[in-house]
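# Per-entry structural report
Spelled out from the first residue to the last, the chains are:
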Amino acid sequence: MLPCPKGCEEVLASELRALDVEASEVRPTAVHAVGDLRTGYRMVLGSRIASRVLMSLAQVDAVNDDELYAALREIPWWEHFDASTTFAIGSSKAPRSSFASHYWVQRAKDAIVDAFRDHAGRRPSVDKDDPGIRFHLHVGERHHELSLDFSGEAQHRRGYRRSGGKAPLKENLAAAILHLAGWPEAARQGLPLLDPTCGSGTFLIEAALMATDCAPGLLRKRFGFESWLGHDADAFDAELRDARSARKQECPAAIIGLDASTNALASARENLRAAGVEDFVSLAEQELTDATAPGEHGILVCNPPYGQRLGDEGTLFLFYQALGDTLKREFGGWTAFVFAAQG
């Protein structure tokens, strides 16, 4: 299962198909996929939109936490990780579930620890902050699922964010918006992309990674499967080699970021360097109202600095008025995608 931001399910399914992964079911905020171990590694390395990559280990029908505990205690957990490895369990909950997910997580932890103790007289320790291996419990109405978290840290944590402004956009959501904007195809056609309020550069970096076919997982140092006893290092290395060989050394389209804040641009430059795409993106300090189109056609995408990044509603209104005027005046042949906060 691959959880994703709400509304991004079909985009994620399309992305998986491009990775030669079969999307077996699309549900609200998640896509289910099938495949072998190499497929799992490919999704962790290549998915820009998924929040996590979860591999199902146990599916349990239980009407109370005692039944969940009993079922999970029967699983040979020592075949999945060693007692010397710390672990943690994250959770999610079906909208109609009446169960307290935090309590069910505790019961799942007890089941794993007790199973280890009964088997070998030793028990693994829980580490919520930096565990050696992570699991995920989805609490449903009756049907529940415990999975290995293949990702480890969330997929949006690419590893390049060195500096961020106020309320930065999550990387996987930025990638989904770029997909919806048609950026991958536009980049292949050589059309430019411009973000007139680029902030710390999330849209710019994700756009550059897409345009150069750089798998986002190539920037990460750790993965959730590394302490899993079923991990196949040779299979992972094969996927890693494929991802590295697919990365282009040149960007086929111009990517431009503007911002009125010197500090924001400094953050963007730092993040661009960390992602290895600083040579593919141009930055300039400029007010939104001074922005001009670098060509007849292209894609404009932005995450306006609303809420805590902008201030009161009056300022917000003036900002959108300025954005609309600029789009009409300078970007007549362009397509604009604006990610706006809900009121």
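The text that follows walks through the structure, step by step, so that each part is easy to find. (Residues numbered from 1 in each chain as written. Predicted model: local features only at pLDDT ≥ 70, side-chain atom pairs only at ≥ 80, totals over all residues. Heavy atoms only, no water.)

## A few points about the sheet that holds strand β1 (residues 2-3)
- Spatially, three strands are ordered β1-β3-β2 in an open sheet, and the strand pairing comes out antiparallel. With one partner strand each, in any of the chains shown, β1 and β2 (22-27) form the two edges of the open sheet.
- In this structure, β1 lies alongside strand β3 (residues 30-34), joined through two bridges in antiparallel fashion. From the neighbouring strand, leucine 2 faces β3, where its bridge partner is valine 31. (Pairing = 2+ DSSP bridges. Helix = DSSP H or I, 4+ residues; strand = E, 2+ residues; numbered from the N terminus.)

## A word on helix α1 (residues 9-18)
- Where α1 is concerned, the buried positions are Glu9, Val11, Leu12, Ala13, Glu15 and Leu16.
- Packing partners of the buried residues in α1 comprise β1, β2, β3, α2 (37-46) and α5 (171-180).
- Aspartate 20 lies just past α1 and shows a positive phi near 60°. (Buried < 20%, exposed > 50% of the residue type's maximum accessible area, 1.4 Å probe, protein only. Contact = heavy atoms within 4.5 Å.)

## Re the packing of aromatic side chains
- Under the defined criterion, the tally for this structure stands at 17 aromatic pairs.
- Taking the centre distance of 6.4 Å and the plane angle of 70° together, the rings of phenylalanine 87 and phenylalanine 135 count as edge-to-face. You can see phenylalanine 87 sitting in strand β5 (residues 87-93) and its partner phenylalanine 135 sitting in strand β6 (residues 133-139), a full 48 residues away along the chain.
- Grouped by ring-pair contacts, the aromatic residues Tyr41, Phe150, Phe223, Phe225, Trp228 and Phe236 constitute a single cluster. (Phe/Tyr/Trp six-rings, centres within 6.5 Å; stacked < 30°, edge-to-face > 60°.)

## A word on the packing of α5 against helix α7 (residues 202-211)
- Two elements in contact, α5 and α7, have axes separated by 9 Å at closest approach and are oriented at 65°. Of the two elements, α5 crosses α7, and the hand of that crossing is right-handed. Counting all contacts with α5, which are made through Glu171, Ala174, Ala175, Ile177, Leu178 and His179, the residues of α7 involved are Thr202, Phe203, Glu206, Ala207 and Met210.
- Considered class by class, the residues forming the contact of α5 with α7 number seven nonpolar, two polar and two charged. (Axes fitted to C-alpha atoms, helices over the stretch in contact; angles between N-to-C directions. Left-handed = near helix turned anticlockwise from the far one by under 90°. Nonpolar A, V, L, I, M, F, W, Y, C, P; charged D, E, K, R; others polar.)

## Quick notes on the pairing of β3
- One ladder, built from five bridges, connects β2 with β3; its direction is antiparallel. Within the sheet, the bridge partner assigned to arginine 27 lies in β3 and is alanine 30.

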